Amino acid sequence: MRATVLSIGQVSPLVKSGEVSPVDLVRTCLERIDARPELNAFITIMRDSAAAAALAAEQEIAAGRYRGPLHGIPVSVKDLVDVAGTPTTSGSAVPPRMPLADAPIVARLREAGAIIVGKTNLHEFAFGTTSEESAFGPVRHPRDGSRSAGGSSGGAAVALVEGMCFASVGTDTGGSIRIPSAACGTVGLKPTYGELPCDGIVALSTTLDHVGPIARSVADAALMFRVMKSGAQAAPRPSPVQRPYVFGIPEAYFCDRLHPGVRAALARTRESLARAGHQIRPVNVEHAERTAHVYLHIVLPEAAWYHAQLLAAHADRYSPGVRLRLEMGRYVLAEDYVRALHLRTLLRQAVNDALKGCDALLLPTMTIPAPTLGEATVDVDGVREPVRGTMLKLTQLFNMTGHPAIALPAGTTDDGWPVSVQLVGHLDGTDRLIDTAAAVEPYSTGGDGSVGGGTG
Amino acid sequence: MTIDAWLKAACDDAERRGLPDLKPLLETLARATAALRDADRLIDRTRLEP
């Protein structure tokens, strides 16, 4: 098996023992990046600095100064996140910012020994779900270049499934970690709101923005999350006690219209968990049908506020679709924004109520598999729906409420496209959610390193 | 401001700014705003903290 398709959990003991060199890992990742330029996964490839960091890591480890399981491991960073000395383009032709310092989460990853191989492509300014509006070309699905890899962190997921890195940093304002994870078959974790700092990250909507990892396994995502939260000193958590978990499945709204392959994946996961002795119960998230309306009245004005000065100076350099969405935000009335904020509180309580007595909610991550690039609408179980709306439908609620959520590979459709299930945990319960996800992982096919199949 | 009045003012402004493509998006937003205002009755104003 190629080293670059191993999980971090599999490769890091080999790095620690000296059996595998970080120099070779970085070289192989760079070769994989060079092998598929048509995917547009990366905006900036950090060849020289990655090679130098790999050599330094090799020497440190040989000298007995092993820092931990990320030491010498190549990772990628979404190009919305500052990495000192490289432009933060946000996937846009708008002049980039040139950071002198790493974003805190990047600094923590580097402190733990991770090696950044490059900055990944995205939907411009993270304001889209398909990663097709980018000044650096659309991110293409590795399995079929006419399909979207999801977004906005599309390049991050593609980089991972193609062996261009061992984990990726993504951001998530309405589902932008979980949606590409669903489309490509990776694990994507959105922690509780505010748990990881968004300093040094280009904002989209400051009360909805999250940052988190995309990885090949729950264990890898947990490792990345803990280092992004606490740095190299992140204490390893003991393995959770094996016990029956309780899952609530919210059928209304979340399951009312799904691609048959997605519905089948949820049913498979549910049945496997029940057979293994876990409890499954129906739950209801009250007012969930209000989600999109509330979300729109928060994300639009917050994005318009952030971009006001850039729009004034560089309106013609935005992609037309992204510019129009930003312009739309300028017309939301303050009264309606405040109304949406109050309704968000109501929705947060509704999710808390649904979680009572449960370890996590279990639902699909996305209603459909990877959609075709350039399409405005998509068939969802016999009904044409807007692509953007249906891709966000099952994820955006938890950006508003702040609950932690994780996307897990759940096999493929009959024709081989990855599909995904999502677990939603209690507020401030990201570690508990990770433990629960680790228990679910063996039952939602994909698991460690196989990235859900169908990756071409 | 009623949604109809808001939509007319917004579309006029978009036209004035040379953004006619914004009009269908504003119409979509108007429908979403109507739904949002419909949900307003769910907010219990007696329980709002200052």
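Thresholds applied
Residues numbered from 1 in each chain as written. Chains lettered and ligands numbered in written order. Predicted model: local features only at pLDDT ≥ 70, side-chain atom pairs only at ≥ 80, totals over all residues. Helix = DSSP H or I, 4+ residues; strand = E, 2+ residues; numbered from the N terminus. Rg over C-alpha atoms; globule rule 2.2 N^0.38 Å. Buried ≥ 20, exposed ≤ 12 C-beta atoms within 10 Å, placed from the backbone. Contact = placed C-beta atoms within 7 Å. Expected span 1.5 Å × (residues − 1). Arc of directions from axis to C-beta. Domains from an automatic or database assignment. Core = buried A, V, L, I, M, F, W, Y, C linked by C-beta atoms within 7 Å. Axes fitted to C-alpha atoms, helices over the stretch in contact; angles between N-to-C directions. Parallel < 35°, antiparallel > 145°, perpendicular 65-115°, else oblique. Left-handed = near helix turned anticlockwise from the far one by under 90°. Nonpolar A, V, L, I, M, F, W, Y, C, P; charged D, E, K, R; others polar.

## Quick word on the overall build of chain B
Here is step 1: For chain B, the count of helices and strands is two helices and zero strands.
Here is step 2: Here the C-alpha atoms of chain B give a radius of gyration of 15 Å, more than 25% beyond the 10 Å that 2.2 N^0.38 yields for 50 residues.
Here is step 3: Projecting the C-alpha coordinates of chain B onto the three principal axes gives extents of approximately 45 × 20 × 15 Å.
Here is step 4: The proportion of buried residues among the 50 residues of chain B is 18%.

## Some remarks on the overall build of chain A
Here is step 1: Broken down by element type, chain A carries 15 helices and 15 strands.
Here is step 2: Computed over its C-alpha atoms, the radius of gyration of chain A comes to 20 Å, within 12% of the 23 Å expected for a compact globule of 456 residues.
Here is step 3: Based on the C-alpha atoms only, the size of chain A along its principal axes is roughly 60 × 60 × 40 Å.
Here is step 4: Out of the 456 residues in chain A, the part that is buried amounts to 60%.

## Details of the interface of chain B and chain A
Here is step 1: Contact residues are listed per partner, giving 18 residues for chain B and 17 residues for chain A.
Here is step 2: Elements with a contribution of two residues or more to the side of chain B that touches chain A: α1 (3-16) and α2 (22-38) of chain B.
Here is step 3: The element that contributes the greatest number of residues to the side of chain B that touches chain A is α2(B), accounting for nine residues.

## Observations concerning helix α8 (residues 260-275) of chain A
All names here are of chain A.
Here is step 1: Taking 1.5 Å of rise per residue, 16 residues should cover 22 Å, and α8 covers 22 Å from first to last C-alpha, within 8% of that figure.
Here is step 2: Within α8, burial applies to V262, A265, L266, T269 and L273. Looking straight down α8, one finds its buried side chains confined to an arc of 95 degrees; they lie on one side. When the buried face of α8 is taken as reference, the exposed residues oriented beyond 90 degrees from it are P260, A267, E271 and R275.
Here is step 3: For α8, the secondary structure elements touched by its buried residues are β9 (246-250), β10 (279-283), β11 (360-364), β14 (405-412), β15 (418-424) and α14 (430-440).
Here is step 4: Within two residues after α8, G277 carries a phi angle of roughly 100 degrees, on the positive side.

## Some points on the domain arrangement of chain A
Residues and elements named next belong to chain A.
Here is step 1: Domain assignment breaks chain A into domain 1 (1-287 + 338-456) and domain 2 (293-329).
Here is step 2: A separation of 25 Å is found between the C-alpha centroids of domain 1 and domain 2.
Here is step 3: In this assembly, 24 residues from domain 1 lie in contact with 16 residues from domain 2.
Here is step 4: Where the side of domain 1 that touches domain 2 is concerned, the elements lending two or more residues are α11 (334-355) and α13 (396-401).
Here is step 5: For the side of domain 1 that touches domain 2, the element with the most residues is α11, which contributes five residues.

## Section: the nonpolar core
The tendency in soluble globular proteins is for nonpolar side chains to be buried as a group.
Residues and elements named next belong to chain A.
Here is step 1: Core analysis: the biggest nonpolar cluster contains 148 residues, and V75, I115, L361 and L423 have the highest contact counts within it.
Here is step 2: Residue contributions to this core peak at nine residues, all from helix α7 (residues 218-230).
Here is step 3: Looking at which domains feed residues into this core, each of domain 1 (1-287 + 338-456) and domain 2 (293-329) gives three or more.
Here is step 4: Discounting chain neighbours no more than four positions away, the residues touching L423 are A360, L361, L362, A405, I406, L408, L433, T436, A437 and V440.

## Brief notes about helix α4 (residues 104-111) of chain A
All names here are of chain A.
Here is step 1: Residues of α4 that are buried: I105, V106, R108, L109 and R110.
Here is step 2: On the buried face of α4, the contacting elements are β2 (74-78), β6 (167-172), β8 (210-215) and α7.
Here is step 3: G113, located one to two residues past α4, shows a positive phi value of around 100 degrees.

## Quick notes on the packing of helix α9 (residues 291-314) of chain A against helix α10 (residues 320-329) of chain A
Residue and element names in this part refer to chain A.
Here is step 1: Axis separation between α9 and α10 bottoms out at 7 Å; the angle between their running directions is 110 degrees. Put simply, α9 runs roughly perpendicular to α10. The interaxial crossing formed by α9 with α10 has left-handed handedness. Contacts between α9 and α10 pair L300, P301, A303, A304, H307 and L311 from the former with L326, M328 and G329 from the latter.
Here is step 2: The class makeup of the residues in the contact of α9 with α10 is seven nonpolar, two polar and no charged.

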